[in-house]
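Spelled out, the chains give:
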Amino acid sequence: MSKVVNYSMANRGEVMRFVPARDLTADEARRLGSMRDRAQARQDSLDRQGVDWGLSVPDALEELIAGRADSSADYAGCAYYAALQIIIDHNASDSATLASYRSPVTFFSALDDALRAEGVPADLLPYQYVFSGPPSEIAFHLPHPLDGSPEIGCWPLAKAGPAVDAYRAVLDRIDADLRYDLEELIKALDGWASEWKEGQGAWWWAEDGSIFFSITG
């Protein structure tokens, strides 16, 4: 079964306002209400599929906004990541799809190898940001989903521009089987990198602007 990689832009500080959620503004409280509705809808969908993670998505969301993630259920990580993605989505731009892969881990590992062989610096290789996990600012441990899905990645927009330049410089030397998907990654990064660079001073611009990746399936 294929897995879909989506991406969006958000400021990490805005996401962290809800992990935990304290002293929320009226608008943030309204968004939290929408998050709770989305979490219940997600759980309803799981129930219809007969999927039991041992922790419901609404309960996982309530734990995150309380500043904890201490369920001992084997698949609690799936619920926590699903709940966190809901928080991210409610503080981010509209999500777009990068691509669908039979195995994102295999693809991005191979892409890393190809880019590394052409001299792309290690801190710009894609695997480490697509699979970086939740924002490092979260002050408590989130169990990782046992089956690796859903997955979350987070990368500063400030690094997207240098990555685009590095990828373009070697694009013609990358194996043809990887080149199309690399071009799509370049387009995704370049779109947000350009807007971030040009938007300095705009209401949405911030130093902690980041590209968030979501892998589901």
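Above this text you will find the structure in question.
Residues numbered from 1 in each chain as written. Predicted model: local features only at pLDDT ≥ 70, side-chain atom pairs only at ≥ 80, totals over all residues. Heavy atoms only, no water.

Colleague: I'd like a description of the overall build of the protein, backed by residues and values.
Modeller: Secondary structure assignment for the protein yields eight helices and four strands. The helix and strand sequence of the protein, counted from the amino end, reads β-α-α-α-α-β-α-α-β-α-α-β. Relative to its length of 217 residues, the protein is compact, with a C-alpha radius of gyration of 18 Å against a globular reference of 17 Å. Along the first, second and third principal axes, the C-alpha atoms of the protein reach 50 × 45 × 25 Å. By the burial criterion, 48% of the 217 residues in the protein qualify as buried. Long-range pairs, those at least 24 residues apart, make up 72% of the contacts in the protein between residues at least 6 apart in sequence. Separation between the mean location of the 19 positive side-chain charges and that of the 34 negative ones in the protein comes to 1 Å. (Helix = DSSP H or I, 4+ residues; strand = E, 2+ residues; numbered from the N terminus. Rg over C-alpha atoms; globule rule 2.2 N^0.38 Å. Buried < 20%, exposed > 50% of the residue type's maximum accessible area, 1.4 Å probe, protein only. Contact = heavy atoms within 4.5 Å. Lys, Arg positive; Asp, Glu negative; His and termini not counted. Charge placed at Lys NZ, Arg CZ, Asp CG, Glu CD.)

Colleague: Would you mind going over the pattern of salt bridges in detail, with residue names and values included?
Modeller: Inspection of every chain in the model, using the stated rule, returns 12 salt bridges. Across the pair R168 and D190 runs a salt bridge whose closest N-O atoms are separated by 2.9 Å. Here R168 is found in helix α7 (residues 160-170), whereas its partner D190 is found in helix α8 (residues 176-198), with 22 residues between them in sequence. A residue is classified by how much of its surface remains accessible, and R168, at 44% relative accessible area, is partly exposed. D190 sits in the partly exposed class, given a relative accessible area of 24%. (Salt bridge = Lys/Arg side-chain N within 4 Å of Asp/Glu carboxyl O.)

Colleague: Provide a residue-level description of unusual backbone geometry, including the pertinent values.
Modeller: Between V19 and the following residue, P20, the backbone shows a cis peptide bond with an omega angle of 0 degrees. Counting through the fold element by element, P20 comes out in the loop between α1 (12-16) and α2 (26-49). Of note, the phi angle at D23 is positive, near 50 degrees, even though the residue is not glycine. Checked against the element boundaries, D23 lands in the loop between α1 and α2. The exposure class of D23 is exposed, given its relative accessible area of 76%.

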